[in-house]
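The chain contents come next:
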Amino acid sequence: MMTASPADTPSVASWYNSLVFEYLPNAGLTQTERDVLDILLARQAPGGVVEITQADLSKRLGVLQPNISKALGRLQELGIIDPPEIRRRGRILLHRALAAYEGPLQAMNAMNDESRPDWPLNIPTNPIRPARAASPAAAKQKAEPRKAKASRARLRLV
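Now for a quick tour of the structure.

Rules behind the numbers
- All chains use their own residue numbering, which begins from 1 and follows the written sequence.
- At least 70 in pLDDT is required for a residue's local features to be given in this predicted model, at least 80 for side-chain atom pairs to be given and counted, and no such filter applies to totals for whole chains, interfaces and linings, which use all residues.
- Note that the side-chain values use all heavy atoms of the structure and ignore hydrogens as well as water.
- What counts as a helix is a DSSP run of H or I of at least four residues, what counts as a strand is a run of E of at least two, and both are numbered from the N terminus.
- Working definition: with a 1.4 Å probe on protein chains only, accessible area under 20% of the residue-type maximum means buried, over 50% means exposed, and in between means partly exposed.
- Only heavy atoms enter the contact rule, under which two residues are in contact if any of them lie within 4.5 Å.
- We get accessible surface area from the Shrake-Rupley algorithm with a probe of 1.4 Å; when it comes to residues, only the shown protein chains can shield them.
- The definition of a nonpolar core used throughout is a set of buried Ala, Val, Leu, Ile, Met, Phe, Trp, Tyr and Cys residues joined through side-chain atoms within 4.5 Å.
- Orientation is described by axes fitted as lines to C-alpha atoms, over the contacting stretch for helices, and by angles from 0 to 180 degrees between their N-to-C directions.
- Note on angle classes: values under 35 degrees are labelled roughly parallel, values over 145 roughly antiparallel, values of 65 to 115 roughly perpendicular, and the remainder oblique.
- Throughout, the ten residues Ala, Val, Leu, Ile, Met, Phe, Trp, Tyr, Cys and Pro are labelled nonpolar, Asp, Glu, Lys and Arg are labelled charged, and all others, Gly among them, are labelled polar.
- Salt bridge, as used here: a side-chain nitrogen of Lys or Arg that lies within 4 Å of a carboxyl oxygen of Asp or Glu.
- Side-chain atoms alone can form a polar contact between residues adjacent in sequence; in general such a contact is a pair of N or O atoms within 3.5 Å, and within protein one must be able to donate a hydrogen while the other accepts it.
- Each residue after the first adds 1.5 Å to the expected span of a helix.
- Directions from the helix axis toward the C-beta atoms define the arc.

A look at the overall build of the chain
Point 1. Assigned secondary structure in the chain consists of 6 helices and 2 strands.
Point 2. From first element to last, N terminus to C terminus, the chain shows the α and β order α-α-β-α-α-β-α-α.
Point 3. Here the chain, with 158 residues, has 30% of them falling under the buried criterion.
Point 4. Sequence-distant contacts, at least 24 apart, represent 67% of the contacts inside the chain between residues at least 6 apart.
Point 5. Accessible area of the chain: about 11,600 Å², with a carbon and sulfur share of 54%.

Here it is as structure tokens:
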């Protein structure tokens, strides 16, 4: 059984904007980008602040740090996380529309707070959700050549 130390346990933020999960597939995230985002969403404090380093993400996911950096860069391009001019080392801020809050009132206040940093969110809001990609297991199975079935003599009509 794995236990987290008090320093690893984030504050409870339990209210999300439900549209996040409807439109997130439109972002076309890679598996690593989605894994990084999942960790950020899970570890955020109310308001979307996440105290984590790229090294911690790399270790947690078992992915090389340059891949984490690339994933964070893509999340930043989409506006999901704060741009570099706002970011501090070891601290990532999720876009206010994607952040979790203690409740809907706190979310409304955050959306209207002009003192909070803001940047554009660039996730397409297409009304049709993109098709789900095949699972990695299915892709691997497709890539492997099929074994030839035991052939039986064919009946030929002449």
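Details of the nonpolar core
Point 1. Grouped together as the largest cluster of nonpolar side chains are 24 residues, with contacts concentrated most on Leu40, Leu72, Leu75 and Ile80.
Point 2. Once residues within four sequence positions are removed from consideration, Leu40 is found in contact with Val50, Ile52, Leu72, Leu75, Ile81, Ile92 and Leu94.

Observations regarding the packing of helix H2 (residues 31–43) against helix H4 (residues 65–77)
Point 1. Packing of H2 against H4 brings their axes to within 9 Å, and their N-to-C directions diverge by 75°. Here H4 runs roughly perpendicular to H2, going by the angle between their axes. Counting all contacts with H2, which are made through Thr32, Glu33, Val36, Leu37 and Leu40, the residues of H4 involved are Asn67, Ile68, Ala71, Leu72, Arg74 and Leu75.
Point 2. The residue inventory of the contact of H2 with H4, partitioned by class, reads 7 nonpolar, 2 polar and 2 charged.

What about the environment of Pro124?
Point 1. Position of Pro124 relative to the elements: it lies in the loop between helix H5 (104–112) and helix H6 (136–143).
Point 2. Taking the C-alpha atoms as reference, Pro124 lies 8.6 Å from Leu24; in sequence the two are 100 residues apart.
Point 3. Non-local contacts of Pro124, meaning those with residues more than four positions away in its chain, are made with Tyr23, Asn26 and Ala27.

Details of the pattern of salt bridges
A side chain with one charge may pair with a side chain of the opposite charge, provided their charged atoms come close.
Point 1. Scanning all chains against the criterion turns up 5 salt bridges.
Point 2. Its salt-bridge partner being Asp82, residue Arg87 comes within 3.0 Å of it at the nearest N-O pair.
Point 3. Note on Arg87: relative accessible area 26%, which makes it partly exposed.
Point 4. In this structure, a network of salt bridges that share partners links the residues Glu33, Arg74 and Glu77.

Let's talk about the environment of Arg91
Point 1. If you trace the backbone, Arg91 turns up in strand S2 (residues 91–93).
Point 2. In sequence terms Arg91 and Thr53 are 38 residues apart; their C-alpha atoms lie 7.1 Å from each other.
Point 3. In this structure Arg91 touches Val49, Val50, Glu51, Ile52, Asp82 and Ile86, once residues within four positions along its chain are discounted.

Some points on the environment of Trp15
Point 1. With respect to the helices and strands, the residue Trp15 is situated in the segment before helix H1 (19–23).
Point 2. Residues Trp15 and Leu105, spaced 90 residues apart in sequence, show a C-alpha to C-alpha distance of 9.8 Å.
Point 3. Dropping the residues within four chain positions of it, Trp15 is found in contact with Ala99, Ala100, Tyr101, Glu102, Gly103, Pro104 and Ala107.

Section: the side chain of His95
Point 1. Among the structural elements, His95 can be located in the loop between S2 and H5.
Point 2. Take His95: its relative accessible area is 7%, and that puts it in the buried class.
Point 3. A distance of 3.0 Å separates a polar side-chain atom of His95 from the backbone nitrogen of Ala97.
Point 4. Here the side chain of His95 touches Trp119 through a polar contact of 2.9 Å, landing on its backbone oxygen.

Points about H4
Point 1. Counted at 1.5 Å a residue, the expected span for H4 with its 13 residues is 18 Å, and the 18 Å between its end C-alpha atoms agrees.
Point 2. When we look at burial in H4, the residues that qualify are Ile68, Ala71, Leu72 and Leu75. All buried residues of H4 fall inside an arc of 100° around its axis, so they share one side. Residues Pro66, Lys70 and Glu77 are exposed on H4 and point more than 90 degrees away from its buried face.
Point 3. Here the buried face of H4 lies against H2, helix H3 (54–61) and S2.
Point 4. The positive-phi residue at the C-terminal boundary of H4 is Gly79, with phi of around 85°.

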